[in-house]
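# Analysis of the macromolecular model
So you can see what is in the structure, the chains are spelled out below.
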Amino acid sequence: MKTRITELFGIEHPIIQGGMHYVGFAELAAAVSNAGGLGIITGLTQKTPADLANEIARCKDMTDKPFGVNLTFLPTVSSPDYPGYIKAIVEGGVRIVETAGRNPQPYLPHLKDAGIAVIHKCTSVRHSLKAQSIGCDAVSVDGFECGGHPGEDDIPNMILLPRAAEELDIPFVASGGMADARSLVAALALGADGMNMGTRFIATQEAPVHENVKKAIVAATELDTRLVMRPLRNTERVLTNAAVEKLLEKERELGDKLDFKDIMEEVVGVYPRIMKEGDMDAGAWSCGMVAGLIHDIPTVAELVGRIVSDAEELISKRLGGLLA
Ligand SMILES: Cc1cc2nc3c(=O)[nH]c(=O)nc-3n(C[C@H](O)[C@H](O)[C@H](O)COP(=O)(O)O)c2cc1C
């Protein structure tokens, strides 16, 4: 399948694995790229630029295909060394960067001067247009369904994607709620040039996370995510658990008086405990509503392979058949 996204990134299938904290290590990124999609290493999961350089080198040992690095500009407790991370990306020969969170404009010249293609992930048409105007090559349009940070506008992809298609000139992928061939075909029909998946890629054999995380995703339904940190305008969609319910209770109790420090126990530094140790009640971790569509833990190659072949069948047989 050829789209503007496969052409831009030099990949076989229009399927991207979005950056994911403590999930997007070299093993997963390489597996996705080897399967013909675009794998992405999560930059900030690496504690220092030197660690990121090492992770990029490890990924290069595992794949000859293009892969990217995610740089997330979110409010964090201490500001990361972004110039250092960018240096590691450039010197590591990475050709694609996924930016997310805040406007990447301050860092864009460094990336563009190095010939890097930038796909910015954002949750609204206005932010997508901003990304286009500052020179991003593509955007990843993240609907309200998505795992992670859906923004504050709450527009689901059924509306957001065709709106993005109406306004944007640069290519874009659909992100949030994407799981299978039906997602891909729908995304293409709504005007996108491919899809980005987060939660679905966690429940794969190669995702380097504890089995408990994969099992929790398979066990979850579309009713099991919660929105946390909404009062702080830093909304995150997470899988419910004991810590999340405690956090929500604090949000209800404190109302307008809620401060980030009130919920630090449930959100700061919890990822290693969840993703590595499988302590599923340690805190809030991002998960999409799409968990309701995830019923197995295939290899990445099986997952990507069946998405592509089922999509071809869906387009040519089911949809084509409707015209006969
Ligand atoms: C566990 C987890 C961690 C994530 N961490 C990040 C991150 O560090 N940076 C980022 O830009 N997006 C992050 N995301 C968002 C994903 O890249 C992707 O946009 C999102 O998962 C898409 O929605 P979906 O889960 O419905 O596929 C994360 C998502 C999950 C599920």
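In this report, we go over the structure that sits alongside the text.

Calculation criteria
Residues numbered from 1 in each chain as written. Predicted model: local features only at pLDDT ≥ 70, side-chain atom pairs only at ≥ 80, totals over all residues. Heavy atoms only, no water. Pairing = 2+ DSSP bridges. Helix = DSSP H or I, 4+ residues; strand = E, 2+ residues; numbered from the N terminus. Axes fitted to C-alpha atoms, helices over the stretch in contact; angles between N-to-C directions. Contact = heavy atoms within 4.5 Å. Polar contact = N/O pair within 3.5 Å; in protein donor to acceptor, adjacent residues only side chain to side chain. 1 Å grid on protein atoms, 1.4 Å probe; cavity = no way out; pocket = protein on both sides within 12 Å on 5 of 7 lines; lining within 4 Å. Points joined across faces, edges and corners; volume = space filled by probe spheres on them. Nonpolar A, V, L, I, M, F, W, Y, C, P; charged D, E, K, R; others polar.

## So, the sheet that holds strand β5 (residues 117-122)
Within the open sheet, the 8 strands sit side by side as β1-β8-β7-β6-β5-β4-β3-β2. Their pairing is parallel. Each edge of the open sheet is held by one strand with a lone partner, namely β1 (15-17) and β2 (39-42). Neighbour to neighbour, the strand axes of the sheet diverge by 30 degrees on average, direction disregarded. For β5 and strand β6 (residues 138-142), the ladder comprises 4 bridges, and the chain directions are parallel. Directly across from I119, in β6, lies its bridge partner A138. Its contacts with the sheet place helix α3 (residues 49-62) against β2 and β3 (67-73), and it is angled at close to 155 degrees to β3.

## So, the side chain of K121
Here K121 shows up in strand β5. Reaching out from K121, the side chain makes a polar contact with the side chain of E98 at a distance of 3.4 Å. Beyond its immediate sequence surroundings of up to four residues, K121 is in contact with G19, N70, E98, T99, A100, G101, S140, D142, S175 and N196.

## Remarks on the layout of surface pockets
Each pocket or cavity is described by its volume, and for the second largest pocket that value is around 200 Å³. Every residue along the wall of the second largest pocket is listed here: E145, G176, G177, M178, D180, R182, S183, E222, M289, V290, G292 and L293. Looking at the lining of the second largest pocket residue by residue, the class counts come to 4 nonpolar, 4 polar and 4 charged.

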